[in-house]
Amino acid sequence: MKKVNLRKTLFILPSLFTLSSIFCGFYATLLCLDAADGETFYRASLLIVFAMFFDLIDGRVARLTKTQSAFGVQIDSLADAISFGVAPAVLVFQWSLHSIGTTGMVVAFVYVACGAIRLARFNVLATNESGAPKKPGKYIVGLPIPGAAGGIVSVVVANYAVGGQLNASPLVVLGIVLTLAFFMVT
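Note that the structure is a prediction, hence the values are computed from the model and not measured.

**So, the side chain of serine 45**
Phase 1 of the analysis: Looking at the element boundaries, serine 45 is found in helix H3 (residues 38-64).
Phase 2 of the analysis: When its relative accessible area of 0% is taken as the criterion, serine 45 is described as buried.
Phase 3 of the analysis: Ignoring anything within four residues of it in the chain, the contact list for serine 45 reads Leu91, Val153, Val156 and Val157.

**Here we look at a nonpolar patch on the surface**
Phase 1 of the analysis: Together, Phe23, Phe26, Tyr27, Leu30, Leu33 and Ile82 make up a nonpolar patch on the protein surface, roughly 580 Å² of accessible area in all.
Phase 2 of the analysis: The element best represented in the nonpolar patch is helix H2 (residues 12-33), accounting for five residues.
Phase 3 of the analysis: The topology assignment puts phenylalanine 23 in helix H2.

**Concerning the packing of helix H5 (residues 102-126) against helix H7 (residues 170-185)**
For any two helices packed against each other, the geometry is given by the interaxial angle and the distance between the axes.
Phase 1 of the analysis: Following both chains from N to C, one finds H5 and H7 inclined at 20°, their axes separated by 8 Å at the closest point. Classed by the angle they form, the pair H5 and H7 counts as roughly parallel. Relative to H7, H5 is oriented so that their crossing is left-handed. In this structure, H5 contributes Thr103, Val107, Val110, Tyr111, Cys114, Gly115, Ile117, Arg118 and Arg121 to the contact, and H7 contributes Leu174, Val177, Leu178, Leu180, Ala181, Met184 and Val185.
Phase 2 of the analysis: Here the residues of the contact of H5 with H7 are counted per class, giving twelve nonpolar, two polar and two charged.

**A few points about the packing of aromatic side chains**
Phase 1 of the analysis: Enumeration over the complete set of coordinates arrives at five aromatic pairs.
Phase 2 of the analysis: With a centroid separation of 6.0 Å and an interplanar angle of 50°, the aromatic rings of phenylalanine 182 and phenylalanine 183 are classed as tilted.

**A word on the side chain of threonine 40**
Phase 1 of the analysis: Within the secondary structure layout, threonine 40 lies in helix H3.
Phase 2 of the analysis: Since its relative accessible area comes to 13%, threonine 40 is described here as buried.
Phase 3 of the analysis: Within polar-contact distance, the side chain of threonine 40 engages the side chain of aspartate 37 at 2.6 Å.
Phase 4 of the analysis: In this view, threonine 40 contacts Leu31 and Ala35; residues no more than four positions away in its chain are not counted.

**Overview of unusual backbone geometry**
Phase 1 of the analysis: Despite not being glycine, lysine 66 has its phi angle at roughly 55°, a positive value.
Phase 2 of the analysis: Examined against the element boundaries, lysine 66 turns out to sit in the loop between H3 and helix H4 (70-95).

**Focus: empty space enclosed by the protein**
Phase 1 of the analysis: Throughout the structure, instances matching the rule amount to two cavities of 30 Å³ or more.
Phase 2 of the analysis: In this structure, the largest cavity spans a volume of roughly 40 Å³.
Phase 3 of the analysis: If you trace the largest cavity, you find it lined by Val92, Trp95, Ile152, Val155, Val173, Ile176 and Val177.
Phase 4 of the analysis: When grouped by side-chain class, the residues that make up the lining of the largest cavity number seven nonpolar, no polar and no charged.
Phase 5 of the analysis: Of the voids in this model, the second largest cavity is the one considered here, and its volume is about 30 Å³.
Phase 6 of the analysis: Within the residue set of the lining of the second largest cavity, elements represented by two or more residues are H3 and helix H6 (145-161).

Cut-offs applied
- Residues numbered from 1 in each chain as written.
- Predicted model: local features only at pLDDT ≥ 70, side-chain atom pairs only at ≥ 80, totals over all residues.
- Heavy atoms only, no water.
- Helix = DSSP H or I, 4+ residues; strand = E, 2+ residues; numbered from the N terminus.
- Buried < 20%, exposed > 50% of the residue type's maximum accessible area, 1.4 Å probe, protein only.
- Contact = heavy atoms within 4.5 Å.
- Patch = residues over 30% accessible without salt bridge, like charges linked within 9 Å, V, L, I, M, F, W, Y side chains within 5 Å.
- Areas by Shrake-Rupley, 256 points an atom, 1.4 Å probe, with all protein chains shown as cover.
- Salt bridge = Lys/Arg side-chain N within 4 Å of Asp/Glu carboxyl O.
- Axes fitted to C-alpha atoms, helices over the stretch in contact; angles between N-to-C directions.
- Parallel < 35°, antiparallel > 145°, perpendicular 65-115°, else oblique.
- Left-handed = near helix turned anticlockwise from the far one by under 90°.
- Nonpolar A, V, L, I, M, F, W, Y, C, P; charged D, E, K, R; others polar.
- Phe/Tyr/Trp six-rings, centres within 6.5 Å; stacked < 30°, edge-to-face > 60°.
- Polar contact = N/O pair within 3.5 Å; in protein donor to acceptor, adjacent residues only side chain to side chain.
- 1 Å grid on protein atoms, 1.4 Å probe; cavity = no way out; pocket = protein on both sides within 12 Å on 5 of 7 lines; lining within 4 Å.
- Points joined across faces, edges and corners; volume = space filled by probe spheres on them.

Right, here's the structure in full:
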């Protein structure tokens with residue numbers, strides 16, 4: 001009987017947390033596409049919060065198990081693009097921005113695009129010439145995309161918490177989304 005080296009299989013653990021984050025973002029997006037009430041938007045928001053939890057855990061597990069890799073950096077960024085880029089953009093579009101038509105769609109896209117740019121810049125700064133991860137710098141450059149997603153989710157959750165009485169104007173929501181997008185790329 002051949003022994004399994006558990007040390008060699010540890011690299012799977014952080015990836016499972018990352019894939020859980022992707023699932024939460026994907027499911028949140030699906031909920032938003034067919035949402036008709038505040039309850040559904042609230043559930044989608046909670047899924048994005050769960051994605052934040054899994055995103056926080058995957059990096060810590062990778063460091064704890066000493067399984068950091070170039071693959072881990074890349075899949076984490078792809079997960080972030082889905083869970084904190086696309087999912088919150090679809091959420092805020094379906095919840096509020098759809099009422100201003102094409103302008104709302106463009107603003108939601110600008111948020112996704114700025115998030116993707118922020119993640120690409122992070123990947124370039126987080127890897128050395130060989131593609132291997134390097135020690136992070138002393139300062140964060142731009143608002144991290146999970147933080148921007150948290151801003152969007154906070155507005156939706158606050159509206160749900162007050163029974164839909166927030167009545168946030170789509171133009172105010174548009175301003176919030178553009179501000180968060182701008183902060184990601186500054």
